[in-house]
Structures are given as C-alpha cells and as structure tokens.
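Close look at the chain arrangement
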Amino acid sequence: MTTILRSSFIALMLGLVPCLGLVAAARAAERPADDRETYIVQARNARVASIAVKEAGGEVLKELDVIRAVGARLGPDQMKRLAENPDVRSIWKNRKVDTDSDSDSDDDSDS
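What comes next concerns the included structure. Worth saying up front: this structure is predicted, and the values here are computed from it rather than measured. (Residues numbered from 1 in each chain as written. Predicted model: local features only at pLDDT ≥ 70, side-chain atom pairs only at ≥ 80, totals over all residues. Heavy atoms only, no water.)

1. Points about the overall build of the protein chain
Helix and strand counts for the protein chain stand at three helices and four strands. Of the regular secondary structure in the protein chain, the N- to C-terminal order runs α-β-α-β-β-α-β. Across the 111 residues of the protein chain, 21% fall into the buried class. Residue pairs in contact within the protein chain that sit at least 24 positions apart in sequence constitute 57% of those at least 6 positions apart. (Helix = DSSP H or I, 4+ residues; strand = E, 2+ residues; numbered from the N terminus. Buried < 20%, exposed > 50% of the residue type's maximum accessible area, 1.4 Å probe, protein only. Contact = heavy atoms within 4.5 Å.)

Structure (structure tokens):
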C-alpha cells in the first residue's frame, strides 16, 4: 500500500512541476516592462553625481571618477527629477560607441 502511495505522489509531483513553470512564466509576462534606461550623469565629482541619482530614486551602476560621473539606471520620472537638480552638470543617454578601425592615416613608410 505504501508503494502505491509513493508512486501516486511521485506521479502527481511530476505532473505539477511543469505547471509551476507555466504559472511563473505567465506571472512574469503580466509584470510591466522596465522602462528604465542607462545614462551617464556628470556632476562636480562622482560622489555628488551618485548622491543626486540616489535622491532622484535612480540606481547607480558604476562610479566613473575620471569623468566626474556615474553610470545610472533611470526611469522617465527619475530622469526628470535629476535634470532639475542644480548639482547635475550633464546627463547623456548611455549607448554603444564603435571605433573606426579603417581610418585613413598618412603612412610614410613607403618613402
């Protein structure tokens, strides 16, 4: 009798596990899309930029001391609040930068 109960329990669990995965996927699809984007926020120094981002409700991703800035993830409302902050000097949308490896250069090695 115990073997039958164990077998039934195992069969039930094997049937439920895929269903739980479907429920989790459905819940994830119901969540609103993250409308936050990444920006570079510059101020007097990286510390001031970091404080400004946090006060606006944004997320600091990385401090960029060399350019006195931080990388930040901001939603539209957070971006608006940050743009109104007098301590913030510049805000740029973070995007990929490509280098031109086929640049024309003056090569005098033929002379």
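Picking up where we left off.
2. With respect to the sheet that holds strand S2 (residues 59-64)
On the basis of which strands lie adjacent, the open sheet formed by four strands has the order S2-S3-S1-S4 and antiparallel pairing. Two strands close off the open sheet at either side, each with one partner strand: S2 and strand S4 (88-93). Strand-to-strand, the axes of this sheet are offset by a mean angle of 25 degrees, without reference to chain direction. As defined by bridge partners, strand S1 (residues 37-43) adjoins S4 across five bridges and the pair is classed as antiparallel. Across the sheet, Ile40 pairs through a bridge with Trp92, a residue of S4. Against the sheet, helix H2 (residues 46-55) contacts S1, S2, strand S3 (69-74) and S4, and its axis sits at roughly 15 degrees relative to S3. The strands touched by helix H3 (residues 76-83) are S1, S3 and S4; relative to S3, the strand with the most contacts, the crossing angle is about 145 degrees. (Pairing = 2+ DSSP bridges. Axes fitted to C-alpha atoms, helices over the stretch in contact; angles between N-to-C directions.)

3. Description of a positive patch on the surface
A cluster of like positive charges, contributed by Arg44, Arg47, Arg68 and Arg89, occupies part of the molecular surface. With respect to the helices, strands and loops of the structure, Arg47 is situated in helix H2. You can call Arg47 exposed: its relative accessible area is 58%. (Patch = residues over 30% accessible without salt bridge, like charges linked within 9 Å, V, L, I, M, F, W, Y side chains within 5 Å. Areas by Shrake-Rupley, 256 points an atom, 1.4 Å probe, with all protein chains shown as cover. Salt bridge = Lys/Arg side-chain N within 4 Å of Asp/Glu carboxyl O. Lys, Arg positive; Asp, Glu negative; His and termini not counted. Charge placed at Lys NZ, Arg CZ, Asp CG, Glu CD.)

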